[in-house]
Amino acid sequence: MKTYIKLLGLVLTLGIVAFTVKNKEEETLTKIKEKSIEQNQTGITFPKDVKAIIDAKCMNCHKPDARNEKAKKKLQWEKVPKMNLKEQKSFLGDLSEVLEDGEMPPEKMVTRKPEMALNLEENRVLITWVELELERLKGN
Ligand code: HEC
């Protein structure tokens, strides 16, 4: 009987934790959605949650003073807002592929520094943002 009650407690706790994590994720996604709709701008926008992830996990190799020449040449985040609409759409398309395939950060770096990998939530936030931005820019 005691074991049964302990087990029940454990199951309940796990349920509550899973529920809280899920809710937090939904909250973030809703915020991004609202932000992206409310900003009635023509170009790509970077909501705060998205920017935080990019700064933490994607900026190092893709900034003007990055040591990685190849990465720097392929993408510099600070140039994105200056692209024209066509370039921005094409960039979002590339970004979507890269995220869906889990190509970034590159495997070599993730093997060396596992903490640099995008976790599931970060990946979902970025993918949702890219999809919403593509949808929004389509009309322009
Ligand atoms: C350790 C360095 C490093 C980090 C961190 C990194 N990248 Fe990259 N990225 C590269 C390199 C190197 C390339 C060029 C790959 C190639 O051309 O083969 C690249 C290319 C890209 C491209 C262009 C792909 C194409 O073929 O058009 C995109 C988009 C991109 N990265 C997005 C990201 C995102 C999003 C993140 C964060 C989740 C990220 N990168 C983090 C090194 C990095």
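Below you will find a few notes about this structure. Please read these numbers as outputs of a predicted model, since none were measured by experiment. (Residues numbered from 1 in each chain as written. Predicted model: local features only at pLDDT ≥ 70, side-chain atom pairs only at ≥ 80, totals over all residues. Heavy atoms only, no water.)

1. Let's talk about a negative patch on the surface
Part 1 of the reasoning: On the surface, a cluster of negative charge is contributed by D94, E97, E100, D101, E103 and E131.
Part 2 of the reasoning: A per-element tally of the negative patch places helix α4 (residues 85–100) first, with 3 residues. (Patch = residues over 30% accessible without salt bridge, like charges linked within 9 Å, V, L, I, M, F, W, Y side chains within 5 Å. Areas by Shrake-Rupley, 256 points an atom, 1.4 Å probe, with all protein chains shown as cover. Salt bridge = Lys/Arg side-chain N within 4 Å of Asp/Glu carboxyl O. Lys, Arg positive; Asp, Glu negative; His and termini not counted. Charge placed at Lys NZ, Arg CZ, Asp CG, Glu CD. Helix = DSSP H or I, 4+ residues; strand = E, 2+ residues; numbered from the N terminus.)

2. Overview of helix α2 (residues 48–57)
Part 1 of the reasoning: Listed as buried for α2 are V50, I53, I54 and K57. Along the axis of α2, the buried positions cluster into a sector of 95°, meaning they face one direction only. (Buried < 20%, exposed > 50% of the residue type's maximum accessible area, 1.4 Å probe, protein only. Arc of directions from axis to C-beta.)

3. A closer look at the environment of K48
Part 1 of the reasoning: Tracing the chain through its elements places K48 in helix α2.
Part 2 of the reasoning: Measuring from C-alpha to C-alpha, the distance between K48 and K31 comes to 9.7 Å, with 17 residues separating the pair along the chain.

4. Some words on the packing of α2 against helix α6 (residues 120–138)
Part 1 of the reasoning: Running from N to C, α2 and α6 point in directions that differ by 120°, and their axes come no closer than 10 Å. Classified by the interaxial angle, the pair formed by α2 and α6 is oblique. Judged by the sense of rotation from one axis to the other, the crossing of α2 with α6 is left-handed. Contact residues: V50, I53, I54 and K57 in α2; E122, V125, L126 and W129 in α6.
Part 2 of the reasoning: Residues of the contact of α2 with α6, tallied by class, amount to 6 nonpolar, no polar and 2 charged. (Axes fitted to C-alpha atoms, helices over the stretch in contact; angles between N-to-C directions. Parallel < 35°, antiparallel > 145°, perpendicular 65-115°, else oblique. Left-handed = near helix turned anticlockwise from the far one by under 90°. Contact = heavy atoms within 4.5 Å. Nonpolar A, V, L, I, M, F, W, Y, C, P; charged D, E, K, R; others polar.)

Bear in mind that shape data such as this cannot, by itself, settle questions of function.
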